[in-house]
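Report on the structure
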Amino acid sequence: MLTDTLKTLLATAYALSIKAQNFHWNVEGPDFPQYHDFFGNYYEEVYGNTIDKLAEIIRQLDSYTPGSILRYAELSQIEDQTKIPRAELMMQELYIDNEKLLAMWKEMFPMAEQENQQGIADFIASRIDAHGKHAWMLRSILKKERA
Ligand SMILES: [Fe+2]
């Protein structure tokens, strides 16, 4: 069912944006300014371009949209982080979670097309694009310097 998958995506994207915000607030180390900004841009991009739009798409499809912390925790497909990892571990974790969400969006795309939901497919394509760009940046940050 299209709406069930969209609800899972909403919860996962929300959880990931909160995690990036947690990292934005709590990251420490010599690269603090870059990391603080990077995590800030990440959560703002994901939050701003996914959450409300996706929640309203679920309503357009005549289903109710989940809107509680408890439901998001139940539905989210990424692991919650209650600790404060070191900066590099934060980056690695965000990379893994970003890949997970990207894969979920990619799985969703043919489902939307199959149901003749071109508008929704368009939105999904824009999210695939955005998370692909995030993946590139995260990969580049994590790359070790050549010896
Ligand atoms: Fe901030």
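As a starting point, this report considers the structure included with it. Everything quoted here is computed from the prediction, not taken from an experiment. (Residues numbered from 1 in each chain as written. Predicted model: local features only at pLDDT ≥ 70, side-chain atom pairs only at ≥ 80, totals over all residues. Heavy atoms only, no water.)

1. Describing the nonpolar core
Among the nonpolar cores identified, the biggest contains 41 residues, and Leu-6, Leu-9, Phe-39, Leu-94 and Trp-105 are the most heavily contacted of them. Only helix H1 (2-26), helix H2 (32-60), helix H3 (69-75), helix H4 (87-114) and helix H5 (118-142) provide two or more residues apiece to this core. Counting residues per element, this core draws most heavily on H2, which supplies eleven residues. Not counting the four nearest positions on each side in its chain, Leu-94 is found in contact with Leu-16, Ala-20, Phe-38, Phe-39, Tyr-42 and Leu-138. (Core = buried A, V, L, I, M, F, W, Y, C linked by side-chain atoms within 4.5 Å. Buried < 20%, exposed > 50% of the residue type's maximum accessible area, 1.4 Å probe, protein only. Helix = DSSP H or I, 4+ residues; strand = E, 2+ residues; numbered from the N terminus. Contact = heavy atoms within 4.5 Å.)

2. Remarks on unusual backbone geometry
For Asp-62, which is not glycine, the phi dihedral falls at a positive 65 degrees. Tracing the backbone through its elements, the reader meets Asp-62 in the loop between H2 and H3. Even without a glycine there, the phi angle at Asn-116 is positive, about 60 degrees. Given a relative accessible area of 55%, Asn-116 falls into the exposed group.

3. Thoughts on the environment of Tyr-47
Relative to the helices and strands, Tyr-47 is located in helix H2. Spatially, the C-alpha atom of Tyr-47 lies 7.6 Å from that of Ala-13, the residues being 34 residues apart in sequence. When neighbours within four sequence positions are excluded, Tyr-47 is seen to be in contact with Tyr-14 and Ser-17.

4. Things to note about the pattern of salt bridges
Applying the stated rule across the entire model yields five salt bridges. A salt bridge links Glu-45 to Arg-127; its shortest N-O distance comes to 2.8 Å. With a gap of 82 residues between them, Glu-45 in helix H2 and Arg-127 in helix H5 connect regions that are remote in the sequence. Here Glu-45 matches Arg-127 in class, with each residue buried. We note a salt bridge from Arg-71 to Glu-74, for which the minimum N-O separation is 3.0 Å. Of the two residues, Arg-71 and Glu-74 both sit in helix H3, three residues apart, roughly one turn of that helix. Taking the relative accessible area as the measure of exposure, Glu-74 reaches 52% and is therefore exposed. Overlapping salt bridges bring together Lys-19, Glu-93 and Asp-97 as one network. (Salt bridge = Lys/Arg side-chain N within 4 Å of Asp/Glu carboxyl O.)

5. Let's talk about H5
Along its 25 residues, H5 runs 36 Å from first to last C-alpha, staying within 8% of the 36 Å computed at 1.5 Å per residue. Those residues of H5 not exposed but buried are Ile-120, Ala-121, Phe-123, Ile-124, Arg-127, Ile-128, Ala-130, His-131, His-134, Ala-135, Leu-138 and Leu-142. Buried-residue contacts for H5 involve H2 and H4. (Expected span 1.5 Å × (residues − 1).)

Everything listed is a geometric property; what it means functionally is a separate question.
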